[in-house]
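Chains, contacts and geometry: an overview
One-letter residues, chain by chain:
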Amino acid sequence: MEDRKYYIELSVGVFMLIGILCLAYLSIKLGKMEVMGNRGTLLCAKFTNIGGLKEGASVEIAGVEVGRVKDITLDKDYQAKVWLLIKPGVNIQKDAIAAIKTKGLIGEKYVEITPGASEQYLKSGQCIVQTQSAFNLEDAISKMIFSSPSEKDEESLEGE
């Protein structure tokens, strides 16, 4: 009788352990967390405005995810310093351009890298020099609404 009770308790314990391990694995995969260290190239890019970019946001080249935003800090010259962890095997040229984009009209922010033509590549710890800050829709709308009619006429004449 006691052997049967011991077998049931052991089976429940093993089942619970497997369930916890599966849950931990799914949490790590869905959260896209790094468990076994940082493999890849760590690059930085400075922006005047990151417009809601968050840690963990994707980094893409031509629509293909090549990395993640690792960290965001405020630099001494009051610019946002964004650290990008690029997957191993992906090389970023020294004249590449990093831009903050939005998926859809009001979707999540991500970093898009436009490759350059240089044959020299950035090494871990180096910064992407050419950047484009996030487009701020609120500023654009307020500028359009609150600008005087004469300013709008001047802007339309400049475009012709």
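Details of the structure are given in the entry above.
None of these values were measured; they are calculated from a predicted model. (Residues numbered from 1 in each chain as written. Predicted model: local features only at pLDDT ≥ 70, side-chain atom pairs only at ≥ 80, totals over all residues. Heavy atoms only, no water.)

Counting its regular elements, the protein chain contains three helices and eight strands. Secondary structure elements of the protein chain, listed N to C terminal, follow the sequence α-β-β-β-β-β-β-β-β-α-α. The buried share among the 160 residues of the protein chain stands at 23%. Residue pairs in contact within the protein chain that sit at least 24 positions apart in sequence constitute 62% of those at least 6 positions apart. For the protein chain, the computed accessible surface area is about 11800 Å², with 59% contributed by carbon and sulfur atoms. (Helix = DSSP H or I, 4+ residues; strand = E, 2+ residues; numbered from the N terminus. Buried < 20%, exposed > 50% of the residue type's maximum accessible area, 1.4 Å probe, protein only. Contact = heavy atoms within 4.5 Å. Areas by Shrake-Rupley, 256 points an atom, 1.4 Å probe, with all protein chains shown as cover.)

Time to look at a nonpolar patch on the surface. A surface patch of nonpolar side chains, about 590 Å² in accessible area, is lined by Tyr7, Ile8, Val12, Phe15 and Met16. Take Phe15: it is sitting in helix H1 (residues 2–31). (Patch = residues over 30% accessible without salt bridge, like charges linked within 9 Å, V, L, I, M, F, W, Y side chains within 5 Å. Salt bridge = Lys/Arg side-chain N within 4 Å of Asp/Glu carboxyl O.)

So, about the side chain of Arg68. Within the secondary structure, Arg68 sits in strand S3 (residues 64–74). There is a polar contact of 2.3 Å between the side chain of Arg68 and the backbone oxygen of Gly56. (Polar contact = N/O pair within 3.5 Å; in protein donor to acceptor, adjacent residues only side chain to side chain.)

Look at Ala62: it is not a glycine, yet its phi comes out positive at around 55 degrees. Examined against the element boundaries, Ala62 turns out to sit in the loop between strand S2 (58–61) and S3. Even without being glycine, Tyr78 reaches a positive phi, approximately 60 degrees. Within the secondary structure layout, Tyr78 lies in the loop between S3 and strand S4 (80–86). Overall, the relative accessible area of 69% leaves Tyr78 in the exposed class.

Another point: the packing of aromatic side chains. Scanning the model with the defined rule gives zero aromatic pairs in all. Positioned above the aromatic ring of Tyr110, the side-chain terminus of Lys103 is 5.4 Å from the ring centre. (Phe/Tyr/Trp six-rings, centres within 6.5 Å; stacked < 30°, edge-to-face > 60°. Lys NZ or Arg CZ within 6 Å of the ring centre and 35° of its normal.)

Taking burial as the measure, the seven residues of S4 include seven buried ones, the bulk of the element. Across the two faces of S4 the burial is the same, with Ala80, Val82, Leu84 and Ile86 and Lys81, Trp83 and Leu85 all buried. In terms of strand pairing, strand S1 (residues 41–47) meets S4 through seven bridges, oriented antiparallel. Paired with Leu43 across the two strands is Leu84, which belongs to S4. In this sheet, S4 lies alongside S3 in antiparallel orientation, the contact comprising seven bridges. (Pairing = 2+ DSSP bridges.)

We now examine the sheet that holds S3. What holds strands together in a sheet is hydrogen bonding between their backbones, with the strands either parallel or antiparallel. Across the sheet, which stays open at both edges, the eight strands sit in the order S7-S1-S4-S3-S2-S6-S5-S8 with mixed pairing between neighbours. Lying at the two open borders of the sheet, with one neighbouring strand each, are strand S7 (127–128) and strand S8 (130–132).

Here the structure, examined in full by the defined rule, presents three salt bridges. The salt bridge partner of Glu60 is Lys103, with a shortest N-O separation of 3.2 Å. Of this pair, Glu60 sits in strand S2 while Lys103 sits in the loop between strand S5 (97–102) and strand S6 (109–114), and the two are 43 residues apart along the sequence. On the basis of relative accessibility, which here comes to 11%, the residue Glu60 falls in the buried class. Among the salt bridges present, the one from Arg68 reaches Glu65, with a minimum N-O distance of 3.3 Å.

Here we come to the side chain of Gln93. Structurally, Gln93 can be placed in the loop between S4 and S5. Residue Gln93 is classed as buried on the basis of its relative accessible area of 15%. In contact with Gln93, not counting residues within four places along its chain, are Pro115, Gly116, Ser118, Gln120, Tyr121 and Leu122.

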